[in-house]
Amino acid sequence: MDESRHEPARHPALDYHEFPKPGKLEIRATKPLANGRDLSRAYSPGVAEACLEIKADPTTAARYTARGNLVAVVTNGTAVLGLGNIGPLAAKPVMEGKAVLFKKFANIDAFDIELNQPDPEKLAEIVCAMEPAFGAINLEDIKAPDCFIVEKICRERMNIPVFHDDQHGTAIVVGAAATNALRISGKRFDEIKIVSTGGGAAGIACLNMLLKLGVKRENVWLCDIHGLVYEGRAEDMNPQKAAYAQKSDLRTLDDVIAGADMFLGLSGPGVLKPEHVAKMTARPIIFALANPTPEILPDEVRSVAPDAIIATGRSDFPNQVNNVLCFPFIFRGALDVGATTINDEMQLACIEGIAALARVTTSAEAAAAYRGEKMTFGPDYLIPKPFDLRLIGVVSSAVAKAAMETGVATRPIEDLAAYKRALEGSVFKSALLMRPVFEAAATASRRIIFAEGEDERVLRAAQAMIEETTDRPILIGRPEVIEARLDRIGLPLRPGTDFEVVDPNNDPRYRDYWETYYRLMARRGVTPDLARAIMRTNTTAIAAIAVHRGDADSMICGTFGQYLWHLNYIRQVLARDGLHPVGALSLMILEDGPLFIADTHVHHEPTPEEITAAVIGAARHVRRFGLAPKVALCSHSQFGNLDIDSGRRMRAAMALLDAREPDFAYEGEMHIDAALSPEIRHRLMPESRLEGAANVLIFGNTDAASGVRNILKAKADGLEVGPILMGMGNKAHIVTPSITTRGLLNISALAGTPVAHYG
């Protein structure tokens, strides 16, 4: 055992790989196998039908098998991470990890395949023989120059994408980072001098990519452990290095670094010295990508060039060049169009997609994953973070488009915009379901006031509203605090320009607001002094008054505090002219579809009339999502079998609904399993008026409704949209403290929809 390894980090890493079961992968069936009928379809004799279809038309393999979403991660273990030639068996944890990244970031299934074959030509033969099994091949951790041989043979013989990630993945991310670094420094690819150390697979691939981006061949100076690669050098040469040989009498890194605009290091620790950096041009670009110790540490660079633009391969420094920004998404786009290869145009599209994404406001999800880091485009933020969920939509759709335009797509996508939305929906669980709401909200520009305007989630939601909707945010808070937090988290918003601010401490409408509140509450125990105090300190009440006076169209509150506390002030100010809260409706987005739950917050023990109002309100809101409401009234009593309070109230509500003859399906009272399972319900009530599974569950008390909501969030990975406050004419919504920025954006879209669109 290597005693030099850091023990505190070692044991948790080993435990991670061993428990609760060894390894990081498992295989799961995607089709039911519960009875003889399933077995006859999954295997003999039914499987023969799929076999014959594929024999007649090989392209149908993507329809009837997993091949179209299956990648082989292949290695022989000859160049594994920074560990070197550790062999295929020891490389298996790395390859399993790569497969996990494919699944996590792009929902691509991958098998890790470790081959005990050091000969590159024989290795290529094995890989080529696997073509029927996979939709694409990801070559990994094969030493140079063998990796060039393997890839060349495989790409020539195979009719599916073959991608050596150590080469091309690194090159793509370097290309994206360099694109943005040059934009910041005001330089161009065709005029810069590049000095590179490291003539391995990644280093050569990066230089090849930089040439495709416009760098001139004569401006590239490649050095390795023996010094400059020059014409006539015989020591440790290969065709890939020879392509960059300079006709020069210079021999060392120190000789060639003078006047360089960019240093590209893929070699080893300490190769670049501060005195080398001092010889480079003003505002040098330093990509020191050796792991775990870079060619030079950022502090050393800044000691001689404070304005340098620096990237490394490490996550504890800004601008980590990480292949995960590329490979899941380039494979996703390639697989989805049935590409026969990954060509230059697809790689360049990947570069532009990654680079462009860094230049726009960072996503709230990435900010949450990297809390405390400032992620605003600039010298310390050249490329997105791996957990930026927008990568799949932007990059994969760009890759798919390039594949189609260059004629290598065998299954072209007709509607790229819809494809991009589908990709976004695969990571933003609410995206597709919320689309009808966003489209309805786009028909008008409404003013949405946020009671907790200093909250970071609210600030990010305001930014997203400006980018994605026509609505205008109004934030309640202290301007100096809002500005400081915007600067800290790196959002380009400015109070008074991008959004309106209501300052409780100094707003010209203060007198009008407290007088309005006093008039509304004068005979309900509120004195003028109390009204003044509330309008200075209670942001929920301030937001409600703003809506009441017409200064805003809808309010959102509740990012902290108790739901009923906020509801009290909404009732005081806005529950008039026929408006009153009838219930809180939570949309839970689950793996098998959406499920609406009410009443989760408003009426603890609703009366039959309140249950009826909640049912009608829920049905109206369900239609906003483009869904047909199927409502189940839930109780411990089932179709009259128990004489209990909730059963009696539910049966009374059913009678009230029957009298109103609503135009949607409803049934009750029943257990939750009967609501969700047509088979169970049919056994109990064969003539049930509800067909299929219910998509709305109405409960007889908030304990049950809120409990189901929380269980679905905690144990079923349910994503909540809402709660939606029903009955208030879309003038107010109260969220809960656990809400995310995406959740706030969703509720703002609901608030931004004119009431006329409710259906």
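Quick caveat: nothing in here was measured; it's all calculated off a predicted structure.

Turning our eyes to something else, we now look at unusual backbone geometry. Across the chain, the bulk of peptide bonds are trans and the bulk of non-glycine residues have phi less than zero. A cis amide bond, omega 5 degrees, links A144 with the succeeding residue P145. For the bond running from G668 to E669, omega is -10 degrees, close enough to zero to count as cis. Looking at the secondary structure, you find E669 in strand 18 (residues 665-670). At D236, a position not held by glycine, the phi torsion is positive, near 50 degrees.

Our focus in this paragraph is helix 26 (residues 608-624). Here helix 26 is 17 residues long and its end C-alpha atoms lie 25 Å apart, about the 24 Å a rise of 1.5 Å per residue gives. Directly after helix 26, the chain includes G626, whose backbone phi takes a positive value near 75 degrees.

Now for the packing of helix 22 (residues 510-521) against helix 25 (residues 563-574). How two helices sit against one another is set out by the angle between their axes and by the gap between those axes. Between helix 22 and helix 25, the shortest axis-to-axis distance is 9 Å and the interhelical angle comes to 85 degrees. Between helix 22 and helix 25, the angle falls in the class roughly perpendicular. The segment helix 22 lies against helix 25, with Y517, L520 and M521 engaging Y569, Q572 and V573. Of the residues contributing to the contact of helix 22 with helix 25, the split by class is 5 nonpolar, 1 polar and no charged.

The next thing to look at is the UniProt feature "domain: Malic enzyme N-terminal" (unreviewed entry) in the protein chain. The sites that UniProt annotates as "domain: Malic enzyme N-terminal" (unreviewed entry) are residues 22-155. Each end of residues 22-155 is marked by a C-alpha atom, and these two atoms are 34 Å apart; helix forms 45% of the span and strand 12%.

Turning our attention to the UniProt feature "active site" (unreviewed entry) in the protein chain. In this numbering, the UniProt entry assigns the feature "active site" (unreviewed entry) to K98. You can see K98 is positioned in helix 5 (residues 88-106). Overall, K98 belongs to the buried group, its relative accessible area being 6%. In this structure, K98 is in contact with V73, N138, E140, D165 and F327, ignoring residues within four places of it in sequence.

Our focus in this paragraph is the domain arrangement of the protein chain. Split into domains, the protein chain comes out as domain 1 (66-160), domain 2 (168-319), domain 3 (324-426), domain 4 (440-573) and domain 5 (583-727). Look at where the C-alpha atoms of domain 1 and domain 3 centre, and you get two points 22 Å apart. Taken together, the 19 residues of domain 1 in the interface contact 15 residues of domain 3. Of all residues in domain 1, F105, A106 and R155 bury the most surface against domain 3, accounting for 37% of the area lost on that side. Elements supplying a minimum of two residues to the side of domain 1 that touches domain 3: helix 5 and strand 3 (136-139). No other element matches the 6 residues that helix 5 contributes to the side of domain 1 that touches domain 3. Here the side of domain 1 that touches domain 3 is built from residues that sort into 10 nonpolar, 6 polar and 3 charged.

Glancing now at the environment of G752. In this fold, G752 is placed in the segment after helix 31 (741-751). Residues G752 and A440, spaced 312 residues apart in sequence, show a C-alpha to C-alpha distance of 8.4 Å. When neighbours within four sequence positions are excluded, G752 is seen to be in contact with A441, R446, I448, D471 and N730.

Within soluble globular proteins, side chains that are nonpolar tend to cluster in buried spots. With 103 residues, the main nonpolar core has I137, F287 and I354 as its most contacted residues. Contacts of I354, omitting those with residues within four sequence positions, involve I172, A176, L325, C326, I383, P384, L391 and V395. If you look at the next biggest cluster of nonpolar residues, it comprises 55 residues, including M654, I724, I739 and A749.

Evaluation of the coordinates by the stated rule reveals 45 salt bridges. A salt bridge links D109 to K103; the shortest N-O distance between them is 2.8 Å. Its relative accessible area of 39% is what places K103 among the partly exposed residues. Residue E456 is joined to R488 by a salt bridge in which the shortest nitrogen-to-oxygen separation is 3.9 Å. On the criterion of sequence distance, the pair formed by E456 in helix 20 (residues 456-468) and R488 in helix 21 (residues 479-489) is long-range, its members being 32 residues apart.

In space, the 6 strands of this open sheet follow the order 18-17-19-16-15-20, with mixed pairing throughout. The sheet is open, and its two borders are formed by strand 18 and strand 20 (719-726), each paired with just one other strand. Ignoring strand direction, the axes of neighbouring strands in this sheet form an average angle of 20 degrees. Together, strand 15 (583-590), strand 16 (593-598) and strand 20 form the strand contacts of helix 30 (residues 702-715), whose direction differs from that of strand 16 by roughly 150 degrees.

What follows concerns the pairing of strand 1 (residues 70-75). Put simply, side chains in a regular strand alternate between the two faces of the sheet. Of all 6 residues in strand 1, 6 are buried; the element is thus mostly enclosed. Judged by which residues are buried, strand 1 turns out to be covered on both faces: L70, A72 and V74 on one side and V71, V73 and T75 on the other are all buried. Handedness of the crossover joining strand 1 and strand 2 (residues 109-114) through helix 5: right-handed. As paired elements, strand 1 and strand 3 share 4 bridges and run parallel to each other. Bridge pairing in strand 3 links V74 to L139.

Reading guide: rules and limits
- Residues numbered from 1 in each chain as written.
- Predicted model: local features only at pLDDT ≥ 70, side-chain atom pairs only at ≥ 80, totals over all residues.
- Heavy atoms only, no water.
- Helix = DSSP H or I, 4+ residues; strand = E, 2+ residues; numbered from the N terminus.
- Expected span 1.5 Å × (residues − 1).
- Axes fitted to C-alpha atoms, helices over the stretch in contact; angles between N-to-C directions.
- Parallel < 35°, antiparallel > 145°, perpendicular 65-115°, else oblique.
- Contact = heavy atoms within 4.5 Å.
- Nonpolar A, V, L, I, M, F, W, Y, C, P; charged D, E, K, R; others polar.
- UniProt positions renumbered as here; feature names shortened; annotations may be inferred.
- Buried < 20%, exposed > 50% of the residue type's maximum accessible area, 1.4 Å probe, protein only.
- Domains from an automatic or database assignment.
- Buried area = accessible area lost by both parts, 1.4 Å probe.
- Core = buried A, V, L, I, M, F, W, Y, C linked by side-chain atoms within 4.5 Å.
- Salt bridge = Lys/Arg side-chain N within 4 Å of Asp/Glu carboxyl O.
- Pairing = 2+ DSSP bridges.
- Right-handed = clockwise from strand over helix to strand, strands pointing away.

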